[in-house]
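An overview of the molecular structure
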Amino acid sequence: MQLVFVVDDELHIRQQLESGLQESGFITRSFEQSDSFLRALKTTRPDAIVLDWMLPDGAELIKMLRADVRTRAIPIVLLTACDNESKSIAGLELGADDYIKKPVSIKELSARIRSILRRDEYLRDDKNVRLCFGGLELDVPARRVYFKADEVFLTMREFDLLSVLMKNKGRVLTRKYLLDTVWGLDYEGDTRTLDVHISYLRKKLNGKVIDTIRGVGYRFCDDMEKA
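A short tour of the structure in this document, coming up. Since the model is a prediction, treat every value here as computed from it, not as a measurement.

This brings us to the nonpolar core. In this structure, Leu136, Leu138, Leu161, Leu162, Leu165, Leu178 and Leu194 are the most contacted members of the largest nonpolar core, which totals 27 residues. Taken together, the elements giving at least two residues each to this core come down to strand S7 (136-139), strand S8 (144-147), helix H6 (156-167), helix H7 (175-183), helix H8 (192-204) and strand S12 (217-220). Sorting elements by how many residues they give to this core places H6 first, with six residues. Excluding residues within four positions of it along the chain, Leu178 makes contact with Leu161, Val164, Leu165, Leu173, Trp183, Leu194 and Tyr218. Formed by 23 residues, the second largest nonpolar core is a distinct cluster that contains Leu41, Ile62, Leu65 and Leu78.

What follows is about the pattern of salt bridges. Considering all chains together, one arrives at 15 salt bridges under this definition. Asp8 is the salt-bridge partner of Lys102, the closest N and O atoms lying 3.1 Å from each other. Of this pair, Lys102 sits in the loop between strand S5 (98-101) and helix H5 (106-122) while Asp8 sits in the loop between strand S1 (3-7) and helix H1 (11-23), and the two are 94 residues apart along the sequence. Through salt bridges with shared partners, a single network forms among Asp8, Asp52 and Lys102.

Looking along the chain, the bond that leaves Lys102 and enters Pro103 is cis, with omega of -5°. For Lys148, which is not a glycine, the phi torsion comes out positive at approximately 55°. By the secondary structure assignment, Lys148 is in the loop between S8 and strand S9 (150-152). One non-glycine residue, Ala149, lies in positive phi territory at about 80°. You can see Ala149 is positioned in the loop between S8 and S9.

Rules behind the numbers
- Sequence order as written defines the numbering, with residues in each chain counted from 1.
- Confidence filtering applies because this is a predicted model: local features only for residues at pLDDT of at least 70, side-chain atom pairs given and counted only at 80 or more, and all residues used for totals across whole chains, interfaces and linings.
- Hydrogens and water are ignored here; the side-chain numbers use all heavy atoms of the structure.
- Residue types Ala, Val, Leu, Ile, Met, Phe, Trp, Tyr and Cys, when buried and joined through side-chain atoms within 4.5 Å, form a set referred to as a nonpolar core.
- Relative accessible area decides the class of each residue, using a 1.4 Å probe on protein chains only: under 20% of the type maximum gives buried, over 50% gives exposed, and in between gives partly exposed.
- Helix and strand definitions follow DSSP, with helices as H or I runs of at least four residues and strands as E runs of at least two, each counted in order from the N terminus.
- Should any heavy atoms of two residues lie within 4.5 Å, those residues are considered in contact.
- Here a salt bridge means any side-chain nitrogen of Lys or Arg lying within 4 Å of a carboxyl oxygen belonging to Asp or Glu.

Everything listed is a geometric property; what it means functionally is a separate question.
As structure tokens, this is what we get:
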């Protein structure tokens, strides 16, 4: 069974999430404060983390998790009570994999977590692949990216998205294909998430690299001179 850490400072929400996720087949541990959560991470690696985005140190927690090689690849789903979409999307920029608005539907949350975990299993066959093109190199086993000899930090989703695009260099991949492959076949979240991740990839790689095919999807740039 898969272990999910729940971090939220409201007792009734933690109890609701733990009960619902357990009924959905997960093992759970919940934490009110970041200190106890971080201590637990030193000895136990969860399969996924559900994190309240509105915690005072929510942004710092995501940064810490993504900066540590031991926790970098753990999927993070944010819980947000914020109606401002740009603030919720800011969590994706920091490295979260998905977000869901409160009040939380346990059915939807469980589906989002399973979608992320299935995606990881789907891509697991590629662990021994090293992708190189122009000045861009992906070391898949180490999940590290280098662009023009400089290492670039990518979130788990960004890494998998770039990997799929590079393996299909020159091919136009539809938005649906990318969502199905990287986010999972039963992904029910905001499809704008894909566009946000593409935008972040372009910024981090200091160039175009990925072409937009209007009305269709995206294509890895087959002319690195554009980048």
